[in-house]
Amino acid sequence: MSAEGGTRRIGRVLVANRGEIAVRIIRTCRELGVETVLAASEADRDAMAARLADRTVCIGPARPELSYLSIPAIVTAAVGTGCDAIHPGYGFLAENAELARTCEQEGIIFIGPTAEQIARVGDKLEARAAALAAEVPVTPGGRVENAEEALALAGELGYPLLVKAVGGGGGRGMKRVDDADAMREMLALATAEAQTAFGDGRVYLERYVTNGRHVEVQVLGDGERVIHLGDRDCSVQRRYQKLIEEAPAPAIAPALRAALRAAAVRFAGHLGYRGLGTVEFLLDCERDTFYFLEMNARIQVEHPVTEMVTGIDLVAQQIAVAEGRPLPFGQDDIRLDGHAIECRLNAEDPAHDFRPSPGRVSRAEFPAGAGLRIDTHIEAGAMVPPFYDSMIAKVIAHGHDRDAAIAALGEALRACHIDGVATNRDLHLAVLADAGFRRGGVDTGYLGRFLAAPAAVGGG
Amino acid sequence: MGLTARDVEEILRYLDASPFDELHLEIDGLSLHVSRSGAGTAPAADGGVAPAAPAPAPAAPAATSPPASVSRAVPAATGAGLVEIRSAFLGTFYRAPKPGEAPFTDIGQRVEPDSVVGIVEVMKLMNSLRAGVAGEVVEICADNGELVEYGQVLFRVRADEA
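Residues numbered from 1 in each chain as written. Chains lettered and ligands numbered in written order. Predicted model: local features only at pLDDT ≥ 70, side-chain atom pairs only at ≥ 80, totals over all residues. Heavy atoms only, no water.

What follows deals with the overall build of chain A. Across its full length, chain A holds 15 helices and 23 strands. For 460 residues, the compact-globule formula gives about 23 Å, and the C-alpha radius of gyration of chain A, at 21 Å, lands near that figure. A principal-axis box enclosing the C-alpha atoms of chain A has dimensions of 60 × 50 × 45 Å. Taken as a whole, chain A presents about 17,800 Å² of accessible surface, with 49% of it coming from carbon and sulfur. Separation of charge centres in chain A, based on 49 positive and 63 negative side chains, amounts to 2 Å. (Helix = DSSP H or I, 4+ residues; strand = E, 2+ residues; numbered from the N terminus. Rg over C-alpha atoms; globule rule 2.2 N^0.38 Å. Areas by Shrake-Rupley, 256 points an atom, 1.4 Å probe, with all protein chains shown as cover. Lys, Arg positive; Asp, Glu negative; His and termini not counted. Charge placed at Lys NZ, Arg CZ, Asp CG, Glu CD.)

From N to C terminus, chain B includes one helix and 11 strands. By residue count, 38% of the 162 residues in chain B fall in the buried class. Expressed as a percentage of contacts within chain B between residues at least 6 apart in sequence, the contacts between residues at least 24 apart total 60%. Here chain B displays about 9,200 Å² of accessible surface, and carbon together with sulfur accounts for 56% of that area. (Buried < 20%, exposed > 50% of the residue type's maximum accessible area, 1.4 Å probe, protein only. Contact = heavy atoms within 4.5 Å.)

Quick look at the pairing of strand 7 (residues 116-122) of chain B now. One face of the sheet, then the other: side chains in a regular strand alternate in exactly this way. Residue and element names in this part refer to chain B. Most of strand 7 is tucked away, with six of its seven residues classed as buried. Judged from the three bridges that link them, strand 5 (residues 91-94) and strand 7 form a sheet pairing that is antiparallel. Across the sheet, residue threonine 92 finds its bridge partner in strand 7, namely glutamate 121. Where strand 7 and strand 8 (residues 125-130) come together, six bridges link them in antiparallel fashion. Within strand 8, the residue paired with valine 122 across the bridge is leucine 125. Here strand 7 folds back onto strand 8, and the loop between the two strands holds two residues, one of which, methionine 123, carries a positive phi near 50°. (Pairing = 2+ DSSP bridges.)

Pairing between the strands of a sheet is mediated by backbone hydrogen bonds and can be parallel or antiparallel. Residue and element names in this part refer to chain A. With parallel pairing, five strands are arranged side by side in an open sheet as 3-2-1-4-5. The open sheet has two edge strands with one neighbour each: strand 3 (55-60) and strand 5 (109-110). One ladder, built from five bridges, connects strand 2 (residues 35-41) with strand 3; its direction is parallel. Bridge assignment links alanine 40 to a residue of strand 3, and that residue is cysteine 58. Relative to strand 3, helix 3 (residues 71-80) is tilted by about 150°, and along the sheet it contacts strand 1 (12-15), strand 2, strand 3 and strand 4 (85-87). (Axes fitted to C-alpha atoms, helices over the stretch in contact; angles between N-to-C directions.)

The subject of this paragraph is the interface of chain A and chain B. The interface is formed by 22 residues belonging to chain A together with 15 residues belonging to chain B. On the chain A side of the contact with chain B, A:Cys58, A:Arg63 and A:Thr76 bury the most area, a combined 32% of that side's loss. Across the chain A-chain B interface, the total number found is two salt bridges. The partner of B:Glu149 in a salt bridge is A:Arg45, with the nearest N and O atoms 3.8 Å apart. The interface formed by chain A and chain B holds four residue pairs in polar contact (both at pLDDT 80 or more) in total. The element contributing the most residues to the side of chain A that touches chain B is helix 3 of chain A, with seven residues. (Buried area = accessible area lost by both parts, 1.4 Å probe. Salt bridge = Lys/Arg side-chain N within 4 Å of Asp/Glu carboxyl O. Polar contact = N/O pair within 3.5 Å; in protein donor to acceptor, adjacent residues only side chain to side chain.)

Residue and element names in this part refer to chain A. Using the criterion set out here, one finds eight aromatic pairs over all chains in the structure. Each ring, one from tyrosine 68 and one from tyrosine 388, has its centre 5.6 Å from the other, and the planes form 75°; the classification is edge-to-face. Highlighted residues: tyrosine 68 in the loop between strand 3 and helix 3 and tyrosine 388 in the loop between strand 21 (383-384) and strand 22 (391-399), separated in sequence by 320 residues. Look at tyrosine 68 and you get buried, because its relative accessible area is 0%. Judged by centre distance (6.3 Å) and plane angle (80°), the ring pair of phenylalanine 92 and tyrosine 388 falls under edge-to-face. Taken together, the residues span a long stretch of sequence, with phenylalanine 92 in the loop between strand 4 and helix 4 (97-106) and tyrosine 388 in the loop between strand 21 and strand 22 at a distance of 296 residues. The ring of phenylalanine 437 has arginine 402 sitting right over it, with the charged end atom 4.7 Å from the ring centre. (Phe/Tyr/Trp six-rings, centres within 6.5 Å; stacked < 30°, edge-to-face > 60°. Lys NZ or Arg CZ within 6 Å of the ring centre and 35° of its normal.)

This next bit is on the pattern of salt bridges. Applying the stated criterion across every chain yields a total of 47 salt bridges over all chains. Notably, a salt bridge pairs A:Glu323 with A:Arg325, separated by 2.6 Å at the nearest N-O pair. Its salt-bridge partner being B:Glu112, residue B:Arg110 comes within 3.0 Å of it at the nearest N-O pair. Look at the salt bridges and you will find they share partners, linking A:Glu216, A:Arg232, A:Lys242, A:Glu245, A:Glu280, A:Glu302 and A:Arg344 into a network.

Bringing the confidence of the model for chain B into the picture now. Low-pLDDT stretches of the model should not have their predicted coordinates read in fine detail. Residue and element names in this part refer to chain B. Summarising the model, chain B shows a mean pLDDT of 73, and 51% of its residues fall at 70 or more. Confidence over residues 38-74 falls short of pLDDT 50; this stretch has 53 contacts with residues more than four positions distant or in other chains. We note a pTM of 0.84 for the whole complex and an ipTM of 0.80 for its interfaces. (pLDDT = per-residue confidence, 0-100.)

With omega at -5°, the peptide bond leading from A:Tyr159 into A:Pro160 counts as cis. Positioned with a positive phi, B:Met123 is a non-glycine residue whose angle comes to about 50°. On the secondary structure map, B:Met123 appears in the loop between strand 7 and strand 8. Residue classification places B:Met123 among the partly exposed positions, given a relative accessible area of 26%.

For the rest of this paragraph, the subject is the nonpolar core. All names here are of chain A. Counting residues in each nonpolar core, the largest one holds 93 residues, and the members touching the most others are Leu14, Phe267 and Phe281. For this core, the element with the most residues is helix 9 (residues 254-271), which contributes seven residues. Phenylalanine 267 has contacts with Val121, Ala127, Ala130, Ala131, Ala134, Val136, Val279, Phe292 and Met295, leaving out every residue within four places of it along the chain. (Core = buried A, V, L, I, M, F, W, Y, C linked by side-chain atoms within 4.5 Å.)

Time to look at helix 3 of chain A. Residues and elements named next belong to chain A. The element helix 3 is extensively covered by neighbouring structure, given that seven of its 10 residues are classed as buried. Within helix 3, burial applies to Ile71, Ala73, Ile74, Val75, Thr76, Ala77 and Ala78. Sitting at the amino-terminal end of helix 3 is serine 70, which places a side-chain oxygen 3.1 Å from the backbone nitrogen of alanine 73. Following helix 3 by one or two positions, glycine 82 has its phi on the positive side, about 70°.

The structure is reproduced here in structure tokens:
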């Protein structure tokens, strides 16, 4: 049933996600004349995406494992409503090889890479092996089975280092170990957490790069050919969760940037990658070199910054490639224009250790204008349920250069008014005003240091 | 201390009369989760108590009495003394055990709380649907072979006088 060698037009898509990304996917489908069926949990029946979709079906109760994470519910919903494709968005089942495989069996197009490709990049050890085979540098490290092996490998690598879950990713399932004394405890903890969170207790060690930046390359492949759509910097993170992302990555020497992009294309090309994906790298600022971190086989939260500088609708490209069509452009056709930055607005309270702040939104005002983009599912009266992640909007600004983008983004944020739930808006404003951020090229430890400094978040 | 069956009944009545869909109660290590969503068949047992938050807390020392979970779907009462039986799954609704056979129940027939009234198929997995209420079937709200959603009303039953 797959589109091997031929194309198969997608007429109706099941959107198997929620929140802003569900809204985002539905918008592009509408533009393409593709019908949408939203698979919503009971908690999201009245959400914005449910209103925008051509049809909404309730697939289960609020708890994600009984709704958004239920492969039988999702696939049954797609078959039962006559959809010929499923778009998984990000998170939930987006990188679940089992869903992709089930779709292949049921004759439904999974809008994403093949099940085999998802499995290969999802297993971090296999991904490392693939990187090495594609001559893409990886952080020194390796698999360990027990504390003795870990201590021996750590002796070679040196401290500090990271214990990572083989089945993890996206910053989850990581523990930092600063010395040999802490190894046994951290290894046991990491193994137990990996087992609980990913159902796979395997872990591996990696050298911890103390002064690193998170830079990633957007790639797009049709199974034959892979191109890149530029890079992004996502170094402003709190506890490995990205908060501010920008394209292109600032303050990188041209040769290094070219090497990063080429490495990403090589990696995806090695897999014969079909679909949209992101190859993440750790940029070692001290050594001026980079290492492969992981590949995300899906659309990313931060994809709008790439869309703003390339002018390409990435969801539309995902659908086209899933239909079996070849890439409509070559590498030389890709033009990067100006600079774009995105801030993730979360319903959480920076004044109280970022505790989640779910609830009913009483007021939601967002600005509009040239070079501005707001991706959100929030409006006055909307409910931010406590069952899912706390992101309520992405505010994205484009400018002819980075300074112009920062200025536009600051103005846009000041014009965002959300009442009823606490948000991290003022933290974003404080970061945008900070000299360190404005210089460009901060490392992943930046936000932690910024927050630890006295009076980091004023009463903006 | 613990909850008696009578206590649980009272809690169910309380929930039924309230505008809430779910109730989670914890007393002395005993945990009770009651939900009115769906009919007879409870969602697949997940080893007991529904966690209030997914955060993997460090395993607490085993309580003296293991937490008991009463996961019982409560049919929702409607205005005219009718009770709705709702689907506990999204899937294909079947009124009979096999094609060509007589339906499990029909209008005018009596059901007991344990009576199977239909099947909801989710990817070749047959989930039998129990009435969860004693009374007479007065309305069948979904067609045989139709895709039904989670929480969709499938039957209305005139419940016996308490």
